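Coordinate analysis (summary)
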Amino acid sequence: MDCLTEERLIRQKLKALNGISSLDFDLSNRTLLVGHTLSSETPIIEAIKSLHMQAEPLERSKHPTSCCAPKPNPVAAVSCCGGSTIKTAHTHTTPSASQGGQLSIFKIEQMDCPTEEGLIRNKLEGMAGVQSLEFNLLKRTLGVRHLLPSEEPIKKAILSLGMKAEPVNDTTRTRIRIMQMDCPTEEKLIRDKLSRMEGILGLDFNLIQRVLTVHHDPEVLTPMLDNIRGLGFTPELEADTAQQTASLPAAKKWWPLALGGMSALGAELLHFTQAAPEWLVAALALVAVLGSGLSTYKKGWIALRNRNLNINALMSIAVTGAILIGQWPEAAMVMVLFAIAELIEAKSIDRARNAIEGLMQLTPDQATVLQADGHWVEKAVNNVRVGDRIRVKPGERVGLDGIIEQGSSSVNQAPITGESLPVEKAPGDMLFAGTINQEGALEFRVTAPASQSTLARIIHAVEEAQGNKAPTQRFVDQFSRIYTPGVFLFALAVAVLPPLVMGGEWFTWIYRALVLLVVACPCALVISTPVTIVSGLAAAARKGILIKGGLYLETGSKLTHLAFDKTGTLTHGRPEQTDYFPVEMQGSPDVYASVAASLANRSDHPVSKAIANASLRKGISIQEVDHFEALAGRGIRGQIGSHIYLLGNYRLVEERKLVSDWLKSKTQELERQGKTVVMLMDESRVFALFAVADTVKPSSREAISALQTLGIKTLTLTGDNPHTAQTIASQVGIDQVRGNQLPDDKLSAVKELQQKGYVVGMVGDGINDAPALAQADIGLAMGAAGTDTAIETADVALMDDDLRKAADFIRLSRQAATVLKQNISFAIGIKAIFLIFTLTGHATMWMAVFADMGVSLLVVFNGLRLLRQ
Ligand SMILES: Nc1ncnc2c1ncn2[C@@H]1O[C@H](COP(=O)(O)OP(=O)(O)OP(=O)(O)O)[C@@H](O)[C@H]1O
Ligand SMILES: [Zn+2]
């Protein structure tokens, strides 16, 4: 547990347990303090285990606020407000036996459409020892969590489906000799560093041989070596490195299909004109079927052997059937049309896939790096290290993430934020890989290796998102699992029942049954959904909206409420001090200003920053602060000299019973002007009053009205006081306001709406929003480009600070939902029509294939339309 993702997971899991009163996360120490009334810690540990994390109890809490006297036997006792400190180990990169399974990742080149997914799922799901499967059709990888002693049975099972599974771990296992590494201290250092890296799947230390074996993604090799060097070690790659690069699938030959097409046309023509003997027609048809359909037959046979009725099996049966009843030209035409349809579909899916890969090509391969001797050298970006200094010329694309050290320029950040209006950048500002420097030369210091740049992380997240299925996708998968066998059985009945029972003609009814087989193909349905979702995700990414899965893309269309926090979301989050009133005069007013500034200087909270900055600008001196502490939702506390001071809001003054009439009316007056008031006090007196004011972002107003046009109810949940909150809310036009919200209040506000049946999104940026963001149906993070965690933890990450993107997201979601609905009703509608036509004898087989192909193409193109958004 070392990032907000895990915090969120655990929070959601434990919330469901009865008897848990509080959760206190400390990510930096990987500890979690649980306040609970449970008789033992076992349920907590079990719950965490179910998340694939390992929790070890450290001790009973000696928390000062605990109402319990220390117990003689702290472990056995049941306490009224027991606290348990639990240490969790981050294990999702190196799974251990204790979580019940091992994760093997395979690359399967032939697996790129839902047909293959279904085939593999059927085969593996029933297999003893297999626990769960995770498909990623875009990356063509399959993750299998299992209890098997080796990966061989899995590989075999996949091979029996005609596909080849390459274990990802084996393709990139690198042995690194590190001479300085011979004791556990060094092991821990390296383990800590590397296990946090993306793309590292496992670490094996051999301290005797001083060799570290790493299972990793090929592209992280360089940054990994750099990280090891960064720890002061000299890694040497072993000569016998077992590194193989997975071979690309051979390009499909086009001539058999062309030959098949010509032959099919020829057969049809000869048959129609009766210009040639029937055996020639049959021969031509056979050439057509074999030329265009051999691979369909192969795949169909494999599917049938595995008792799976996929499209290939259906087509093989239909075509064979047509041949058996002597419909040669028809069989040929059907097979050829089907092969062409498959080809076009594959190309269309590639287009959706490439839309994401296209994002990656935005970064240049080379960067100009400053050498120790003062020269500038062109280097591959993959070899550039964190800390290197890079130069970008005007008009050049930035190769890596970094912080500007020299020069100023305007930068087009559209590849990251989707906003093509250039942004002014000066020393100290972040620069992102993939963005375009416009008129000035810039020099910057690299802050992340190429593989970990913001853009790389966006692409990675979009790729992962594809594995996170939308509800519609699940529905379609399930539907097609029933639909296909259903129609198949129906076709069987149509073939035999009318001739047997009603004296129908065998030929007619068998033919109709064969047409039904073609109609039974759920291809259009199955294919349109992922294409639509991927297109939606890619279109969003290009606009600077990172959606973390089809689920959120779809849920976005159902949102009824959107909640915002105020600071940094509606406002700029950079308040300025506007007023200062010393309450008690003792010498110069600067005395209290200095005390307040000293405390404030220690905090990152925008209110504190404003107060510290105001004093610093006036040249007021800052003093040493001891025992500094943040008081959530209230303010801060610290010791200066021998005296303890507090700086915080009215709630803090009330709690210390230091309220006076003057203070109350002054505070309210300032708050009504939209200012935030904090006071400097100790335990017995209030010394001074400060007011700070934040400005509303011009885009917020527009964003709120755009949301209201979309019919979304807006509401503000803020830790700030209700008066200020109300003033700011009316400036931007927000419907509802709740002030004085502690993190838990924000969470219950979201919950309350959800219990009324609403679908709630929450936009926030601060720590105080984390619980509410987790509770919301969709948690949106703002300004994600600059922060590491936002991209990883939010459900939807808006790359810049522009709230209008929230409206864009909802609009895109609704479009995607519409396209999904259109596609599904269109696909099912055409099937229904054909069902009737077939039974009444109006449909021929090739019409069915033609219609099926037409529908498939239409729905795929309809899905791809989202890309152009
Ligand atoms: N470190 C701090 N320094 C000064 N004042 C603080 C500090 N922390 C909290 N406060 C006071 O407590 C109030 C609530 O703080 P909190 O962090 O919960 O919300 P916020 O950041 O003001 O608003 P939002 O919830 O919209 O982000 C602040 O408005 C401020 O008056
Ligand atoms: Zn993690």
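The preceding data block contains the structure.
None of the values given here were measured: they were computed from a predicted structure.

The strand order 14-13-15-21-16-19 describes an open sheet built from six strands, whose pairing is antiparallel. Unpaired on one side and paired on the other, strand 14 (376–380) and strand 19 (430–431) mark the two borders of the sheet. Here four bridges tie strand 15 (residues 389–392) to strand 21 (residues 442–446), and the two strands are oriented antiparallel to one another. Bridge pairing in strand 21 links arginine 389 to arginine 445.

Before going further, it helps to examine a nonpolar patch on the surface. A cluster of nonpolar side chains, contributed by Val496, Leu497, Leu500, Val501, Met502 and Trp506, occupies part of the molecular surface with about 650 Å² of accessible area. Considering every element that reaches the nonpolar patch, the biggest residue donor is helix 14 (residues 471–502), with five residues. Within the secondary structure, tryptophan 506 is located in helix 15 (residues 506–519). Tryptophan 506 sits in the partly exposed class, given a relative accessible area of 42%.

In this fold, serine 535 is placed in helix 16 (residues 523–542). Setting aside its immediate chain neighbours within four residues, serine 535 contacts Ala352, Gly863, Leu864, Leu866 and Leu867.

Let us look at the packing of helix 22 (residues 661–672) against helix 24 (residues 722–732). Two elements in contact, helix 22 and helix 24, have axes whose closest approach is 8 Å; the angle formed by their N-to-C orientations is 15 degrees. Considering the angle they form, helix 22 stands roughly parallel to helix 24. The interaxial crossing formed by helix 22 with helix 24 has right-handed handedness. Only His723, Thr724 and Thr727 of helix 24 make contact with helix 22, whose side of the interface consists of Gln668, Glu671 and Arg672.

A separate point is the site of ligand 1. The immediate surroundings of ligand 1 are formed by 19 residues, with Asp565, Lys566, Ser608, Thr718 and Lys746 found nearest. In this structure, an oxygen atom belonging to ligand 1 sits 3.0 Å away from a side-chain N or O atom of asparagine 649. One of the side-chain nitrogen or oxygen atoms of threonine 718 is found 2.8 Å away from an oxygen atom of ligand 1. Burial of ligand 1 by the protein chains amounts to 94% of its free accessible area of 600 Å². If you list the elements that add at least two residues to the shell around ligand 1, you get helix 18 (566–570), helix 20 (606–618), strand 26 (635–640) and strand 28 (676–681).

Time to look at the pattern of salt bridges. For the structure shown, the criterion picks out 24 salt bridges. As a salt-bridge pair, arginine 229 and aspartate 226 come within 2.9 Å of each other at their nearest N and O atoms. Residue arginine 229 and its partner aspartate 226 are both found in helix 7 (residues 221–230); the two are separated by three residues, about one turn of the helix. Overall, arginine 229 belongs to the partly exposed group, its relative accessible area being 36%. Of the residues examined, aspartate 226 reaches a relative accessible area of 15% and is grouped as buried. As a salt-bridge pair, glutamate 702 and arginine 804 come within 3.1 Å of each other at their nearest N and O atoms. With glutamate 702 in helix 23 (residues 698–709) and arginine 804 in helix 28 (residues 804–839), the pair connects residues that are 102 residues apart, well separated along the chain.

In total, this model carries eight aromatic pairs according to the counting rule given. Seen from their ring centres, tyrosine 592 and phenylalanine 687 are 4.9 Å apart, and the 15 degrees between their planes marks the pair as stacked. Taken together, the residues span a long stretch of sequence, with tyrosine 592 in helix 19 (residues 590–600) and phenylalanine 687 in strand 29 (residues 686–693) at a distance of 95 residues. Here the two residues tyrosine 592 and phenylalanine 687 agree in accessibility, since each one is buried. Taken together, a centroid distance of 6.2 Å and an interplanar angle of 55 degrees make the contact between phenylalanine 834 and phenylalanine 837 tilted. Of the two residues, phenylalanine 834 and phenylalanine 837 both sit in helix 28, three residues apart, roughly one turn of that helix. In this structure phenylalanine 837 comes out as partly exposed when scored by relative accessible area, which is 37%. Joined through ring pairs, the aromatic side chains of Phe475, Phe479 and Tyr483 make up one cluster. Positioned above the aromatic ring of tryptophan 509, the side-chain terminus of arginine 512 is 4.6 Å from the ring centre.

A few words now on the nonpolar core. Residues Ile547, Leu562, Phe564, Val796, Met799 and Leu803 are the most contacted members of the largest nonpolar core, which totals 59 residues. In contact with leucine 562, not counting residues within four places along its chain, are Leu707, Ile712, Lys713, Thr714, Leu715, Gly761, Met762, Val763, Leu780, Ala806 and Ile810. By size, the runner-up hydrophobic cluster in this structure holds 47 residues, among which are Val281, Leu314, Ala331 and Val487.

Turning to the environment of glycine 550, a few remarks are in order. Among the structural elements, glycine 550 can be located in helix 17 (residues 550–555). A sequence separation of 46 residues divides glycine 550 from glycine 504, and the C-alpha atoms of the two residues are 49 Å apart.

The subject of this paragraph is helix 22. Taking 1.5 Å per residue, twelve residues should reach 16 Å; helix 22 reaches 17 Å between its end C-alpha atoms and fits that length. Of the positions making up helix 22, those classed as buried are Leu663, Lys666, Thr667, Leu670 and Glu671. Along helix 22, the residues classed as buried sweep out an arc of 130 degrees about the axis, all on the same side. Counted as exposed and oriented over 90 degrees from the buried face of helix 22: Asp661 and Arg672. In the core, the buried residues of helix 22 are packed alongside strand 24 (576–582), helix 21 (650–655), strand 28, strand 29 and helix 24. Positive backbone phi, at 85 degrees, marks glycine 674, one or two positions downstream of helix 22.

Any two packed helices are characterised by the angle at which their axes cross and by the distance between the axes. The N-to-C vectors of helix 14 and helix 15 enclose an angle of 175 degrees; their axes lie 8 Å apart at closest approach. Put simply, helix 14 runs roughly antiparallel to helix 15. Of the residues in helix 15, those in contact with Tyr483, Val487, Phe488, Phe490, Ala491, Val494, Ala495, Val496, Pro498, Pro499 and Leu500 of helix 14 are Trp506, Trp509, Ile510, Arg512, Ala513, Leu516, Leu517 and Val519. Residues of the contact of helix 14 with helix 15, tallied by class, amount to 18 nonpolar, no polar and one charged.

Note: strand 26 against strand 27 (residues 643–648), six bridges, orientation antiparallel. Bridge pairing in strand 27 links glutamine 639 to isoleucine 644. Linking two consecutive strands that pair antiparallel, namely strand 26 and strand 27, is a turn of two residues; a positive phi of about 65 degrees is found at glycine 641 within it. Pairing analysis gives three bridges linking strand 27 to strand 28, with the strands arranged antiparallel. Across the sheet, glycine 648 pairs through a bridge with methionine 679, a residue of strand 28.

Rules used throughout
Residues numbered from 1 in each chain as written. Chains lettered and ligands numbered in written order. Predicted model: local features only at pLDDT ≥ 70, side-chain atom pairs only at ≥ 80, totals over all residues. Heavy atoms only, no water. Pairing = 2+ DSSP bridges. Helix = DSSP H or I, 4+ residues; strand = E, 2+ residues; numbered from the N terminus. Patch = residues over 30% accessible without salt bridge, like charges linked within 9 Å, V, L, I, M, F, W, Y side chains within 5 Å. Areas by Shrake-Rupley, 256 points an atom, 1.4 Å probe, with all protein chains shown as cover. Salt bridge = Lys/Arg side-chain N within 4 Å of Asp/Glu carboxyl O. Buried < 20%, exposed > 50% of the residue type's maximum accessible area, 1.4 Å probe, protein only. Contact = heavy atoms within 4.5 Å. Axes fitted to C-alpha atoms, helices over the stretch in contact; angles between N-to-C directions. Parallel < 35°, antiparallel > 145°, perpendicular 65-115°, else oblique. Left-handed = near helix turned anticlockwise from the far one by under 90°. Near = heavy atom within 4 Å. Polar contact = N/O pair within 3.5 Å; in protein donor to acceptor, adjacent residues only side chain to side chain. Phe/Tyr/Trp six-rings, centres within 6.5 Å; stacked < 30°, edge-to-face > 60°. Lys NZ or Arg CZ within 6 Å of the ring centre and 35° of its normal. Core = buried A, V, L, I, M, F, W, Y, C linked by side-chain atoms within 4.5 Å. Expected span 1.5 Å × (residues − 1). Arc of directions from axis to C-beta. Nonpolar A, V, L, I, M, F, W, Y, C, P; charged D, E, K, R; others polar.

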